[in-house]
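# Structural characterization, general
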Amino acid sequence: MNVKGARVVVVGMARSGIAAVELLIEKGANVRAVDEKPTADSGQATVKVEAQTLAAFEDAELIVLSPGVPADLAVLDAARERGVRVIGDLELASWYFEGAIIGITGSNGKTTTTALTGHILQSSGIAAQVGANIGRPPASMVKTSRAGQWNVLELSSFQLETTECFHPAIAAALNVTPDHLDRHYTFENYAEAKARLFANQHEGDFAVLNADDPVCRSYSNRGAAKAVWFSSTREVSPGAFLRDGQIILDGEPLMPVSEVPLRGVHNLENTMAAAAIARLAGATRAQIRNAVQTFPGVEHRLEFVRELDSVEWFNDSKATNVDAALKAIAAFDGGLWIILGGKDKNSDYTPLGAALRSKARGALLIGAAAEKIEGHLQGTVEVTRCGTIETAVSEAHARARGGDTVLLAPACASFDQFENFEHRGREFKRLVFALVTNMEAR
């Protein structure tokens, strides 16, 4: 798409918006940057940031949204009525990418799967760069994209809902469970946003899908890609599944599950998805097996922090919805002290009760959603209102005994008390590393 000379408004000046501004300037557009909280400039790009008013959009020929900007703002609807095209930064970047695209989405596991896919390809000598919802924004990846290289992208519903022509050669959906209902309003809207990943796929493309997830299965009817499956409960073909303690890929053993360094059945699913994607992208079985064994994991995803007084501490700050918290709980046998809470996303927390009833010694609640969570867990597990993560860590340290596990798996967004889930996870780790043994006091 030629944007040279076009009047383009970029909305939202976090990292993705800044990258979009810089790409558009490079392509010759006349760029206006707007934000609800305008600052002196847009970072590295020397463009003044204006307030997000109706006047800022009046002469726009194209509007580019950052992922954090809702697509249904009144000012955007007014622009659309005038015939103005409104896209997201992912769509913009896709116009200029060199090399083929691997797009990976899901309510949970997409960061681990994306990072693992990139690790397998790079370890196998296959040119690949990784980014989008993980690491670098899509627009900043354009300048490092090359013909013959894979662009491995973690993609959120916020990025996908504003795509039009976006075309991945390999697209994967790991699972779709209720999330971000404060933004999408209904589960159907949320699932439809994820479905955009497959809309423009052609014959010769591939859709890697979770055979155990009904929404993911339905995506096989979107676009013209060939479906490749993965499953932790049944045999599938083509694709990956579990049998007799082995991961089977396209009918042949890939590796024993005991060699996978990641904890939990959900991470076996992530590994199978990454293996299927990497195989389609040219990696051999031996290369995939070797790379999986050396994968270090991803920060804030069931990350082991330390052991103190025979109590293990795990950071799963990325568990920002109920399904992610359930997967984290399932990775442990019992003796859990779980830290829950944060900013509510219009979630139903009652499913946590059944999982915690048999495994948890107590739930330590923080943040704005604490009262709602307490109500939903009533009668299933002992609940303690802690307010802050600092108090929750202190409470867990005082009450956990040898053999117990303390797990941060909040089931909520972080924005009530933290900048993002990374900030929350780093603060948790800082507090845990600052703890000293209390065995003598006992």
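Within any chain, residue numbers begin from 1 and follow the written order of that chain's sequence. Whole-chain, interface and lining totals are the exception, using all residues; otherwise, since this is a predicted model, local features are given only for residues with pLDDT of at least 70 and side-chain atom pairs are given and counted only at 80 or more. To get the side-chain values, take all heavy atoms of the structure and skip hydrogens and water.

What follows is about the overall build of the chain. Only DSSP runs of H or I reaching four residues or more are called helices, and only runs of E reaching two or more are called strands; each is numbered from the N terminus. Per the secondary structure count, the chain includes 16 helices and 20 strands. Along the longest, intermediate and shortest principal axes, the C-alpha atoms of the chain span 70 × 50 × 35 Å. Should any heavy atoms of two residues lie within 4.5 Å, those residues are counted as being in contact. Put simply, 65% of the contacts in the chain that link residues at least 6 apart link residues at least 24 apart. A 1.4 Å probe and the Shrake-Rupley method give the accessible areas. Residues count as covered only by the protein chains that appear here. Counting every atom, the chain has about 17800 Å² of accessible surface; 49% of that belongs to carbon and sulfur. When the 44 positive and 53 negative side-chain charges of the chain are each reduced to one mean point, those points stand 2 Å apart. A residue counts as positive if it is Lys or Arg and as negative if it is Asp or Glu; His and the chain ends are not included. To locate a charge, take atom NZ for lysine, CZ for arginine, CG for aspartate or CD for glutamate.

Turning to the environment of Leu377, a few remarks are in order. Turning to its location among the elements, Leu377 is positioned in the loop between helix 14 (370–376) and strand 19 (383–387). Burial here depends on accessible area, computed with a 1.4 Å probe over protein chains only, as a share of the maximum for the residue type. Under 20% is buried, over 50% is exposed, and the range in between is partly exposed. Under the relative-accessibility criterion, Leu377 is labelled buried at 0%. Ignoring any residue separated from it by four or fewer positions in sequence, one finds Leu377 in contact with Leu340, Tyr349, Leu352, Gly353, Leu356, Ala363 and Val383.

What follows deals with the packing of helix 15 (residues 389–399) against helix 16 (residues 421–433). Where helices are involved, their axes are fitted lines through C-alpha atoms of the stretch in contact, as for all axes, and angles between N-to-C directions lie from 0 to 180°. Between helix 15 and helix 16, whose axes approach to 10 Å, the crossing angle comes to 40°. By the criterion of interaxial angle, the relationship of helix 15 to helix 16 is oblique. Between helix 15 and helix 16 the crossing geometry is right-handed. Residues Ile389, Glu390 and Val393 of helix 15 touch helix 16, and the partners they reach there are Arg424, Glu427, Phe428, Leu431 and Val432. Side-chain classes are defined by residue name, with Ala, Val, Leu, Ile, Met, Phe, Trp, Tyr, Cys and Pro counting as nonpolar, Asp, Glu, Lys and Arg as charged, and the others, Gly among them, as polar. In terms of residue class, the contact of helix 15 with helix 16 is made up of five nonpolar, no polar and three charged. Here the word oblique covers every angle except those under 35 degrees (roughly parallel), over 145 (roughly antiparallel) and from 65 to 115 (roughly perpendicular). If you view the pair so one helix is near and one far, a crossing is left-handed when the near helix is turned anticlockwise from the far one by less than a right angle, and right-handed when it is turned clockwise.

Once their charged atoms are close, side chains differing in charge can pair, the charge on each being opposite to the other. The term salt bridge refers to a side-chain nitrogen of Lys or Arg lying within 4 Å of a carboxyl oxygen of Asp or Glu. Evaluation of the coordinates by the stated rule reveals 23 salt bridges. A salt bridge links Asp59 to Arg7, with the nearest nitrogen and oxygen atoms 3.9 Å apart. With Asp59 in the loop between strand 3 (49–51) and strand 4 (62–65) and Arg7 in strand 1 (residues 7–11), this residue pair connects regions lying 52 residues apart in the sequence. Linking Arg430 and Glu427 is a salt bridge whose minimum nitrogen-to-oxygen distance equals 2.6 Å. Of the two residues, Arg430 and Glu427 are both situated in helix 16; the distance of three residues between them amounts to about one turn of the helix. Among the charged side chains, a salt-bridge network with shared partners connects Arg7, Arg32, Glu50, Asp59 and Glu61.

On to the nonpolar core. The set of buried Ala, Val, Leu, Ile, Met, Phe, Trp, Tyr and Cys residues whose side-chain atoms join them within 4.5 Å is what this entry labels a nonpolar core. Among the nonpolar cores identified, the biggest contains 53 residues, and Leu24, Val64, Leu92, Leu153 and Tyr219 are the most heavily contacted of them. With five residues, the single largest contributor to this core is helix 1 (residues 15–26). Leu24 has contacts with Val3, Val8, Val10, Ala29, Val31, Val64 and Leu92, leaving out every residue within four places of it along the chain.

What follows is about the sheet that holds strand 19. Pairing between strands is defined by DSSP: at least two bridges between the two strands are required. Strand order in this open sheet of six strands is 15-16-20-17-18-19, and the pairing throughout is mixed. Edge positions in the sheet fall to strand 15 (303–308) and strand 19, since each has one partner strand and no second. Adjacent strand axes in the sheet meet at a mean angle of 20°, parallel and antiparallel pairs treated alike. In this structure, strand 15 lies alongside strand 16 (residues 311–315), joined through five bridges in antiparallel fashion. Each residue of the ladder has a partner; that of Arg306, found in strand 16, is Trp313.

Turning next to the sheet that holds strand 5 (residues 85–88). Across a sheet, strands are paired by hydrogen bonds formed along the backbone, either parallel or antiparallel in direction. Spatial strand order, 3-2-1-4-5: five strands in an open sheet with parallel pairing. Edge positions in the sheet fall to strand 3 and strand 5, since each of these pairs with one other strand and no more. Averaged over all pairs of adjacent strands, the angle between strand axes in this sheet comes to 30°, irrespective of strand direction. Looking at chain direction, strand 1 and strand 2 (residues 30–35) are connected through five bridges and run parallel. Residue Val11 lies in a different strand from strand 2, and its bridge partner there is Val34. Its contacts with the sheet put helix 1 on strand 1, strand 2 and strand 4, and the angle it makes with strand 1 is roughly 165°.

Glancing now at the environment of Val142. Examined against the element boundaries, Val142 turns out to sit in the loop between helix 5 (138–141) and strand 8 (150–154). Judged by its relative accessible area of 9%, Val142 falls in the buried class. Apart from residues no more than four positions distant in its own chain, Val142 is found in contact with Leu23, Ala93, Tyr96 and Phe97.

The pairing of strand 11 (residues 226–231) with strand 12 (residues 239–243) spans three bridges and is classified as parallel. Following the sheet pairing, Phe230 is matched in strand 12 by Ala240. Of the pairings in the sheet, the one linking strand 12 to strand 13 (residues 246–249) comprises four bridges and is antiparallel in character. Counted as the bridge partner of Leu242 is Ile247 from strand 13. Taken together, strand 12 and the strand that follows it, strand 13, pair antiparallel across an intervening segment of two residues, in which Asp244 is found at a positive phi of about 55°.

On to the packing of helix 10 (residues 265–280) against helix 11 (residues 285–293). Between helix 10 and helix 11, the shortest axis-to-axis distance is 10 Å and the interhelical angle comes to 140°. Considered as vectors, helix 10 and helix 11 are oriented oblique to each other. Relative to helix 11, helix 10 is oriented so that their crossing is right-handed. In this structure, helix 10 uses Thr271, Ala275, Ala278 and Arg279 to contact helix 11, whose residues at the interface are Arg285, Ile288 and Val292.

By themselves, these observations are geometric and do not establish any function.
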